[in-house]
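Residue strings, one per chain:
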Amino acid sequence: MNANSMHTRAMLIASVLFFATASADAAELTFDLRVERGHLPDAMRLVRVKQGDIVKLRWSTDRPIVLHLHGYNIETRVEPGSVAEMTFTARATGRYPIEVHLPNKGSSGHSHGEAPLVRIEVYPK
Ligand SMILES: [Cu+2]
């Protein structure tokens, strides 16, 4: 890599950082979600955020599960007795389901038959 492309690259990184800190109306939002028997209470089954928000989902569970946030494609394993965090910046608008994968079924345990555990709705800013 020559000096010129290094410079371009550094500029790119700087502008990305600037965007992240300059969007003053972006919020950092934390949601505590407790899964019992593979389900959430009805009142927790919809999470609404705005584009650009930093979303932190703090998960706890009564049994081992793997959670999959579709669209953003984040997978998080949650074990009983500890809190697992799933953090992302809501760059893309739309509605994104989080599904439960059953860890004991391996990577093929993609049980999308039931309604999703929770839906993340990201609204345009
Ligand atoms: Cu999935």
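The shown structure was predicted, so the numbers you read here are calculated from the model rather than taken from an experiment.

About the cut-offs
All residue numbers refer to positions counted from 1 along the written sequence of the respective chain. Local features in this predicted model are restricted to residues of pLDDT 70 or higher, and side-chain atom pairs are both shown and tallied only at a pLDDT of 80 or more, whereas totals for entire chains, interfaces and linings draw on every residue. With hydrogens and water excluded, all non-hydrogen atoms of the structure serve as input to the side-chain values. A run of DSSP states H or I qualifies as a helix once it reaches four residues; a run of E qualifies as a strand once it reaches two. Both are numbered from the N-terminal end. Only protein chains enter the accessibility calculation, which uses a 1.4 Å probe; a residue whose area is less than 20% of its type maximum is buried, one above 50% is exposed, and one in between is partly exposed. Any two residues whose heavy atoms approach within 4.5 Å at even a single point are treated as in contact. Salt bridges are defined as contacts in which a side-chain nitrogen from Lys or Arg sits within 4 Å of a carboxyl oxygen from Asp or Glu.

Draft legend 1. Local environment of the environment of proline 116. Checked against the element boundaries, proline 116 lands in the loop between β7 (94-101) and β8 (118-123). Proline 116 sits in the buried class, given a relative accessible area of 10%. C-alpha separation for the pair proline 116 and leucine 69, spaced 47 residues apart in sequence, amounts to 9.9 Å. Excluding residues that lie within four positions of it along the chain, proline 116 makes contacts with Arg45, Pro97, Ile98 and Glu99.

Draft legend 2. View of the pattern of salt bridges. By the definition in use, this model includes seven salt bridges. Arginine 34 is the salt-bridge partner of glutamate 36, the closest N and O atoms lying 3.1 Å from each other. Classification of glutamate 36 as partly exposed rests on a relative accessible area of 41%. Its relative accessible area of 35% is what places arginine 34 among the partly exposed residues. The closest approach of N and O atoms between glutamate 85 and arginine 58, which form a salt bridge, is 3.6 Å. On the criterion of sequence distance, the pair formed by glutamate 85 in strand β6 (residues 84-89) and arginine 58 in strand β3 (residues 54-61) is long-range, its members being 27 residues apart. A network of salt bridges, in which partner residues are shared, links Asp32, Arg58 and Glu85.

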